[in-house]
Amino acid sequence: GVEAVFADGRVMRRLDGLEKDNTGYDLAGLLCGSEGTLAVTLSAVLKLQPLPRWKGLALVAFESVDAAIEAVQPLLATGPSAVELLDDVVLDAARGNEECRRYLSIMPSVAGAAPRASNRASNARAILYVEYFAFESAEELRAKFALLRSALGRHAAPESVREITDTPTMAQAWALRKAGEPLLHGMPGAQKPITFVEDNAVPVERLGEFVREFRKIVARHGTRAAYWAHASVGVLHVRPMINIHDARDRERMRAIAVEVADLARACGGIMSGEHGDGRVRGPLIERFFGPELMRAFRDVKRLFDPLNLLNPGNIVDPGPVENITANLRVDREQPIDDSEHGDDRAATVETFFDYGDQQGFGHAVEQCNGAGVCRKRGGVMCPSYQATLDERHSTRGRGNALRLAITGQFPTDPRAGNRSGPNWSDEETIRTLDLCLSCKACKSECPSNVDIARLKAEYTAQRQRFIKRIPFSLRATGHVRVLNRLGSLAPALVNPLSSSGLGRAIVNRMMRVHPDRSLPRFSRSLYRAFVPEKRPPGTPTVLLFTDCFTTYNESVIGVAAGRVLEKLGYQVGLSGSHCCGRSMISVGMLPAAIDAIDRAVESLRPAIEDDSVRAIVVCEPSCLSAIKDDWLTLKCQAPLDLRKRLAAKAFLPEEFVERAWHQHPQQVGAVAPPTADVLLHAHCHQRSLWSAESSAALLRRLLGDSAPRLKVLDTGCCGMAGSFGFDPDKFDLSMRIGELSLLPIVRDASPEAIIVATGTSCRHQIHDGARRRAIHPIELVAQLFGC
């Protein structure tokens, strides 16, 4: 049932089980098809269905989309709850995404067919998802799977079917299906899968005919398309590849739209089966329904909305076919690009990052397609959105703001004179970016590979270059290594002084620190705290990277890492006093970061090129992420090949110990695990780029399967994020983010539980928000090794 207010003031209410207005007519169907042009829905009563006690999912691989569609009708006779289709364009796109490529191993292969490329997890060109529900017993699922195999018959060999009944694997398979549309926007090239003919609905028995004719239309216009479908109900999602910056492609777009609408009608279907006509397909409504029905639509509109207040223009007055391309989200014929990948038709930007992995700066800026996968609860992406539920502070909100500002769709700053182009100092864009924690989760969790952390750093750096000024607090944050180094010279003096009333007031004012946030404590420098043992010549070496925080704030962690490596028979060395640039990158000081990186790479060159140096271990995950991610995309002078070799040699200490467990010079015998549970929280950068397993695997090996139990916490961002959690304007939000998952879990843990957190920010937040001490994984390993 529905309750709604029409524009003329009439109210439709639920009466006697039917939805009627005061005239007695059933208007619910009319309202549902009106696309917001007749009324505003106030409430709705939903018809509920019982939840199944068991679910099963069969994945069936096919050599072609046509073969998959041919199998749909026989499968419908088996009583599935859903039949969904994915084509190989989507499957190939998944290989370019950090998260989705892990799900490809679930997909079956076409029996007897050779893979089309050596790196493919499946050779299928189409996959059918066939889902079943069971209400009485699990045996029902087995019976339905047997029916499926019988119904497939000649359509697919038994080896091309994978039956899944465990919830986690089914969830991963469905995650890939749901990511289909945004995955396509991560594909290389200017042509993108555009939504304009994407939810035609035809009778299932004519679905194969529709696909074949659709393919001919697309090929005739010189492009290609991706296909996926709610195959069980004949709703086909097709996204032709179109470059909306190209006038010729916009012509193709209009022509394809007209021909596909005619095809849907000829096949006994409709051109908008699920998402409505809107402004893109509105110009085709009269062509599809004819002038008589169009007059009726206009009459209804005048009856219910005589003042034309609700969605004016939609459905009844959409204008000519040319209007199909009149409301695109980009108003530039040519995209903005960087100076290396652009051409003389495009506005050029001298970027600090290289965007070759994203087909240029312009492509990166327009990568977000608005699918809204980032608007979710759980996972790492996006912490500030999860805490505020404000669209502005979602990954999509930031992506849209950056696109508009950088592509010149906001007014240019008056200080730029008459020059048109990017607006690097738009105050609203700066506000939108301000709550981004640069957690890097979007880099892996966004199916379209939108990397807001990189774009935020780029935009901030461009703004600093434009206004020729960097605020003192940002400079101080960027050069945190200098401050930490000074503090570690006399920690016994500096720690009490900075915590005193006067000292703390000075720090709060100059560094912009919230008064309720505790200050990091300084320790004796790692260079003084750890003196490596001398080993015989020829002993394999591991270099301990002296990051800003392990070296000057928590040298106990560096000492633990060094002793563990020595226990395993290595000669341990300390790197020189250089910075990874993480803090500079975070505040947009990219020129300074590039200089620091170049110096660090040159200093590390001997270790990179020396095969006797087995690894360079980095205790702080955020610093390791700089080396393995940011260092490879910033436009440094240091050779890229050298940086890549360094990244391949760099690990978290516990990750290296686990990876080389059987190759260490010395082996460690059985260890005595603690009696308490161990709770592991992984840093955002770690979870986003490598997963929590990079720390958990070694702990699981050492703790075993029996008590104590290792619990890898399914937590999102801690909310601290380096300098973010210190800022007076962000402190409250920082704590709210921590309260989403991490802090309540730690607070509720037993007093005996060992809290392990990989990042210095995470440990700081746990201290402030849960009043618990967290240790680094390598500290626990050192305890277990007795060193």
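See the structure printed just above.
Here's what I pulled together on the structure shown here. (Residues numbered from 1 in each chain as written. Predicted model: local features only at pLDDT ≥ 70, side-chain atom pairs only at ≥ 80, totals over all residues. Heavy atoms only, no water.)

Regarding the overall build of the chain
Here is step 1 of the chain: Looking only at helices and strands, one finds 36 helices and 22 strands in the chain.
Here is step 2 of the chain: In terms of overall size, the chain behaves like a compact globule, its C-alpha atoms giving a radius of gyration of 30 Å where 787 residues would be expected to give roughly 28 Å.
Here is step 3 of the chain: Counting only C-alpha atoms and orienting by the principal axes, one finds that the chain spans roughly 90 × 70 × 55 Å.
Here is step 4 of the chain: Expressed as a percentage of its 787 residues, the buried residues of the chain come to 56%. (Helix = DSSP H or I, 4+ residues; strand = E, 2+ residues; numbered from the N terminus. Rg over C-alpha atoms; globule rule 2.2 N^0.38 Å. Buried < 20%, exposed > 50% of the residue type's maximum accessible area, 1.4 Å probe, protein only.)

Focus: the nonpolar core
Here is step 1 of the chain: The biggest cluster of nonpolar side chains holds 76 residues, and the ones touching the most others in it are Phe361, Leu455, Leu590, Trp631 and Leu634.
Here is step 2 of the chain: It is helix α27 (residues 590–609) that contributes the most residues to this core, ten residues altogether.
Here is step 3 of the chain: Trp631 has contacts with Cys579, Cys580, Ile597, Ala600, Val601, Ala626, Cys636, Arg643 and Leu646, leaving out every residue within four places of it along the chain.
Here is step 4 of the chain: Ranked by size, the runner-up nonpolar core spans 58 residues in total, among them Phe145, Ile256, Met271 and Met294. (Core = buried A, V, L, I, M, F, W, Y, C linked by side-chain atoms within 4.5 Å. Contact = heavy atoms within 4.5 Å.)

Brief notes about the sheet that holds strand β15 (residues 541–544)
Here is step 1 of the chain: Strand order in this open sheet of four strands is β16-β15-β17-β18, and the pairing throughout is parallel. Looking along the sheet, the strands with just one partner apiece sit at the ends: β16 (571–574) and β18 (650–651). (Pairing = 2+ DSSP bridges.)

Overview of helix α15 (residues 395–406)
Here is step 1 of the chain: The first and last C-alpha atoms of α15 sit 16 Å apart over twelve residues, in line with the 16 Å expected at 1.5 Å per residue.
Here is step 2 of the chain: In terms of burial, α15 is a largely internal element, ten of the twelve residues being buried.
Here is step 3 of the chain: All buried positions along α15 are accounted for by Thr395, Arg396, Gly397, Arg398, Gly399, Ala401, Leu402, Arg403, Ala405 and Ile406.
Here is step 4 of the chain: Where α15 terminates, the next one or two residues include Gly408, which has phi positive at roughly 80 degrees. (Expected span 1.5 Å × (residues − 1).)

Quick word on the packing of helix α28 (residues 621–633) against helix α29 (residues 640–649)
Here is step 1 of the chain: Here α28 crosses α29 at 165 degrees, and the two axes come no closer than 9 Å. The angle between α28 and α29 falls in the class roughly antiparallel. α28 and α29 meet at a crossing whose hand is left-handed. Here Ile627, Lys628, Trp631 and Leu632 of α28 lie close against α29, whose contacting residues are Leu640, Arg643, Lys644, Leu646 and Ala647.
Here is step 2 of the chain: Across the contact of α28 with α29, the residue classes break down as six nonpolar, no polar and three charged. (Axes fitted to C-alpha atoms, helices over the stretch in contact; angles between N-to-C directions. Parallel < 35°, antiparallel > 145°, perpendicular 65-115°, else oblique. Left-handed = near helix turned anticlockwise from the far one by under 90°. Nonpolar A, V, L, I, M, F, W, Y, C, P; charged D, E, K, R; others polar.)

Section: the packing of aromatic side chains
Here is step 1 of the chain: Taken as a whole and judged by the stated rule, the model has eleven aromatic pairs.
Here is step 2 of the chain: Ring geometry for Tyr129 against Trp174: centres 5.1 Å apart, planes inclined by 45 degrees, an arrangement best described as tilted. Highlighted residues: Tyr129 in strand β7 (residues 126–134) and Trp174 in helix α6 (residues 167–178), separated in sequence by 45 residues. Assigned by exposure class, Tyr129 and Trp174 land together as buried.
Here is step 3 of the chain: Considering the side-chain rings of Phe288 and Phe289, the 5.1 Å spacing of their centres and the 70 degrees angle between planes classify their relative orientation as edge-to-face.
Here is step 4 of the chain: What makes Phe288 buried here is its relative accessible area of 9%. (Phe/Tyr/Trp six-rings, centres within 6.5 Å; stacked < 30°, edge-to-face > 60°.)

Re unusual backbone geometry
Here is step 1 of the chain: Cis peptide bonds are those with omega within 30 degrees of zero, and the linkage from Met381 to Cys382 qualifies with -10 degrees.
Here is step 2 of the chain: Mapped onto the elements of the fold, Cys382 is located in the loop between α13 (361–365) and α14 (383–388).
Here is step 3 of the chain: Phi is positive for Ala721, close to 50 degrees, though the residue is something other than glycine.
Here is step 4 of the chain: Within the fold, Ala721 resides in the loop between β20 (710–712) and α33 (731–740).
Here is step 5 of the chain: Its identity is not glycine, yet Arg771 carries a phi of approximately 55 degrees, on the positive side.
Here is step 6 of the chain: In this fold, Arg771 is placed in the loop between α35 (760–770) and β22 (774–775).

What about the environment of Arg582?
Here is step 1 of the chain: When you line up the elements, Arg582 lands in helix α26 (residues 582–586).
Here is step 2 of the chain: Placed 137 residues apart in sequence, Arg582 and Gly719 show a C-alpha to C-alpha distance of 17 Å.
Here is step 3 of the chain: Contacts of Arg582, omitting those with residues within four sequence positions, involve Lys440, Ser622, Ser625, Ala626, Asp630 and His685.
Here is step 4 of the chain: Separated by 2.9 Å, the side chains of Arg582 and Ser625 make a polar contact. (Polar contact = N/O pair within 3.5 Å; in protein donor to acceptor, adjacent residues only side chain to side chain.)

Description of helix α18 (residues 452–467)
Here is step 1 of the chain: Here α18 spans 22 Å end to end across 16 residues, near enough to the 22 Å set by a 1.5 Å rise per residue.
Here is step 2 of the chain: Buried residues dominate α18, accounting for twelve of its 16 residues.
Here is step 3 of the chain: Three or more residues of α18 are buried, namely Ile452, Ala453, Arg454, Leu455, Lys456, Ala457, Glu458, Tyr459, Ala461, Gln462, Gln464 and Ile467.
Here is step 4 of the chain: In the stretch just after α18, Lys468 is the one whose phi turns positive, near 60 degrees.

Remarks on the pairing of strand β19 (residues 678–681)
Here is step 1 of the chain: Of the two faces of β19, the one holding Val678 and Leu680 and the one holding Leu679 and His681 are both buried throughout.
Here is step 2 of the chain: Here β19 runs beside β20; their pairing, made up of three bridges, is parallel. Bridge assignment links Leu679 to a residue of β20, and that residue is Lys711.
Here is step 3 of the chain: Sheet topology places β19 next to strand β21 (residues 754–757); four bridges connect them, and they run parallel. Residue pairing for β21: Leu680 is matched across the bridge by Val756.

Some words on the sheet that holds β22
Here is step 1 of the chain: Taken in spatial order, the four strands make up an open sheet running β20-β19-β21-β22, and their pairing is parallel. Only two strands of the sheet have a single neighbouring strand rather than two, namely β20 and β22.
Here is step 2 of the chain: Relative to β21, α35 is tilted by about 140 degrees, and along the sheet it contacts β19, β21 and β22.

Looking at the side chain of Glu131
Here is step 1 of the chain: With respect to the secondary-structure elements, Glu131 resides in strand β7.
Here is step 2 of the chain: Despite being buried, Glu131 has no salt bridge partner; Lys55 is the closest side chain of opposite charge, sitting 4.8 Å away.
Here is step 3 of the chain: Leave out the neighbours within four places in its chain, and Glu131 touches Lys55, Gly56, Leu57, Pro80, Ser81, Ala82 and Trp174. (Lys, Arg positive; Asp, Glu negative; His and termini not counted. Salt bridge = Lys/Arg side-chain N within 4 Å of Asp/Glu carboxyl O.)

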